Amino acid sequence: MTYLEFHLVFLLPPLLWLALGGVPKGSRAPGYLLMPLIALLWTTPWDNYLVYRGVWTYPPERVWFRIGYVPFEEYLFFVLQPLLTGLVAHRLFQPGPGGPAWARSLGGMGFLLLSLLGGLLVQNEKGVYLGLILLWFGPPLALQWAFGGDLLLGALKPYLLSVLLPTLYLWCADLLAIRMGIWAISERYTLGIAPFGLPLEEMVFFLVVNLAIVQGLFLVWHPEARRRLQRLQGGKPS
């Protein structure tokens, strides 16, 4: 199976099935449509560096062509994943009343500490992959929680389900792709922890990316988050 065929088998069918149940419209549509672009722009330099270092490798016969160091299909992945996870979030999103205010500072600090941990991990060759994940994705996750962690906590059940359902599915798809040789994860840059055969770093990667997608969409869609943003911009809440 090629990388493109992987998309056709594992990503497009659930994406189309979810889309048949309804896609974001009205005020939800702009955030949903912008999320793949944001994800692509944010991950492109990080992704190219990982492939350049040899953390991820792709057999030439499994990919179509490359842009920089990264296969075209990888860029496509970073468009399809937000679309898929975003549809799950759309189906489950319900704005809650808001949680305690301390959730914002505690969540923001927690993700910043994870980012600092990533900075320490990259100093060791075996910790490069996990460290780069935490270092790159920790700051935007911290910013999201600092802005609206109380709102995320107030919608805890739909928030957790929106993250966990696509994450579990992508873990399974990733494990199959590795076993089929579509891509490979370097043992040199990983800790060697692999529950059920899936490297810990891959599990963390899909988790943090889905966290960023769901948190971003929940905050964009939440009425209180929009009012909060207007206040920060100096405008009057509508």
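See the structure shown above.
Residues numbered from 1 in each chain as written. Predicted model: local features only at pLDDT ≥ 70, side-chain atom pairs only at ≥ 80, totals over all residues. Heavy atoms only, no water.

Novice: Which parts of the structure should I look at to understand the overall build of the protein?
Specialist: Scanning the protein from terminus to terminus reveals eight helices and four strands. The helix and strand sequence of the protein, counted from the amino end, reads α-α-β-β-β-α-α-α-α-β-α-α. Taking 18 Å as the expected radius of gyration for a compact globule of 238 residues, we find that the protein reaches 18 Å, a close match to that expectation. Each principal axis of the C-alpha distribution contributes one length, and for the protein these read about 55 × 45 × 30 Å. Looking at the 238 residues of the protein, the share that counts as buried comes to 50%. Here the protein has roughly 11,600 Å² of accessible surface; of this, 72% comes from carbon and sulfur atoms. Taken together, the 16 basic and 12 acidic charged side chains of the protein have centroids lying 15 Å from each other. (Helix = DSSP H or I, 4+ residues; strand = E, 2+ residues; numbered from the N terminus. Rg over C-alpha atoms; globule rule 2.2 N^0.38 Å. Buried < 20%, exposed > 50% of the residue type's maximum accessible area, 1.4 Å probe, protein only. Areas by Shrake-Rupley, 256 points an atom, 1.4 Å probe, with all protein chains shown as cover. Lys, Arg positive; Asp, Glu negative; His and termini not counted. Charge placed at Lys NZ, Arg CZ, Asp CG, Glu CD.)

Novice: Would you take a moment to explain the packing of helix H2 (residues 29–53) against helix H7 (residues 200–221) for this structure?
Specialist: Helix-helix packing is described using two parameters, namely the angle between the two axes and the distance between the axes. Between H2 and H7, the least distance of the axes is 11 Å, while the angle of their chain directions is 145°. Regarding H2 and H7, the two cross each other, and that crossing is right-handed. Between H2, through Gly31, Tyr32, Met35 and Trp46, and H7, the contact on the second element is made entirely by Phe205, Ile213, Gly216, Leu217, Val220 and Trp221. Class assignment of the residues belonging to the contact of H2 with H7 gives a composition of eight nonpolar, two polar and no charged. (Axes fitted to C-alpha atoms, helices over the stretch in contact; angles between N-to-C directions. Left-handed = near helix turned anticlockwise from the far one by under 90°. Contact = heavy atoms within 4.5 Å. Nonpolar A, V, L, I, M, F, W, Y, C, P; charged D, E, K, R; others polar.)

Novice: What's the story with the layout of surface pockets in this structure? I'm lost.
Specialist: Here the largest pocket is characterised by a volume of approximately 630 Å³. Forming the boundary of the largest pocket are 22 residues, of which Met35, Ile38, Gln144, Ala212 and Gly216 lie nearest the centre. Looking at the lining of the largest pocket, the elements with two or more residues in it are H2, helix H5 (128–154), H7 and helix H8 (223–232). Here the lining of the largest pocket takes eight residues from H2, the largest share from any one element. The residue makeup of the lining of the largest pocket, split by class, is 17 nonpolar, four polar and one charged. Empty space within the second largest pocket amounts to approximately 210 Å³. Looking at the lining of the second largest pocket, the elements that each hand over two or more residues are helix H1 (3–20), helix H3 (72–92) and helix H6 (156–179). (1 Å grid on protein atoms, 1.4 Å probe; cavity = no way out; pocket = protein on both sides within 12 Å on 5 of 7 lines; lining within 4 Å. Points joined across faces, edges and corners; volume = space filled by probe spheres on them.)

Novice: Help me out: how do you make sense of the pattern of salt bridges in this one?
Specialist: Any two side chains of opposite charge can pair if their charged atoms end up close together. Per the counting criterion, the structure on display carries five salt bridges. Across the salt bridge formed by arginine 228 and glutamate 224, the nearest N and O atoms sit 3.9 Å from each other. Of the two residues, arginine 228 and glutamate 224 are both situated in helix H8; the distance of four residues between them amounts to about one turn of the helix. The shortest N-O distance in the salt bridge between arginine 231 and glutamate 224 comes to 2.9 Å. Through salt bridges with shared partners, one network takes in Asp150, Glu224, Arg227, Arg228 and Arg231. (Salt bridge = Lys/Arg side-chain N within 4 Å of Asp/Glu carboxyl O.)

Novice: Would you explain the packing of aromatic side chains in this entry?
Specialist: Given two aromatic rings, their pairing is described by the distance between the two centres and the angle made by the two planes. Inspection of the entire model under this criterion finds 26 aromatic pairs. Relative to phenylalanine 205, the ring of tryptophan 56 lies with its centre 5.6 Å away and its plane at 75°, an arrangement referred to as edge-to-face. Of this pair, tryptophan 56 sits in strand E1 (residues 56–57) while phenylalanine 205 sits in helix H7, and the two are 149 residues apart along the sequence. With respect to burial, tryptophan 56 and phenylalanine 205 carry one shared label: buried. Positioned above the aromatic ring of tryptophan 221 is the side chain of arginine 28, whose terminal nitrogen or guanidinium carbon lies 5.1 Å from the ring centre. (Phe/Tyr/Trp six-rings, centres within 6.5 Å; stacked < 30°, edge-to-face > 60°. Lys NZ or Arg CZ within 6 Å of the ring centre and 35° of its normal.)

Novice: Can you help me understand the side chain of glutamate 73 in this one?
Specialist: Turning to its location among the elements, glutamate 73 is positioned in helix H3. Comment: no salt bridge for buried glutamate 73; closest opposite-charge side chain is arginine 66, at 8.0 Å. Other than its neighbours up to four places away in sequence, glutamate 73 contacts Tyr3, Leu4, His7, Arg62, Val63, Trp64 and Phe65.

Novice: In this structure, what is going on with the nonpolar core? I would like to understand it.
Specialist: Nonpolar side chains tend to gather and get buried jointly when the protein is soluble and globular. The biggest cluster of nonpolar side chains holds 66 residues, and the ones touching the most others in it are Phe6, Trp46, Trp56, Tyr129 and Phe205. Those elements that place two or more of their residues in this core are H1, H2, H3, helix H4 (102–121), H5, H6 and H7. Leaving out residues up to four positions away in the same chain, tryptophan 56 has contacts with Trp46, Asp47, Leu50, Val51, Glu74, Phe78, Tyr129, Ala184, Ile185, Glu202 and Phe205. (Core = buried A, V, L, I, M, F, W, Y, C linked by side-chain atoms within 4.5 Å.)

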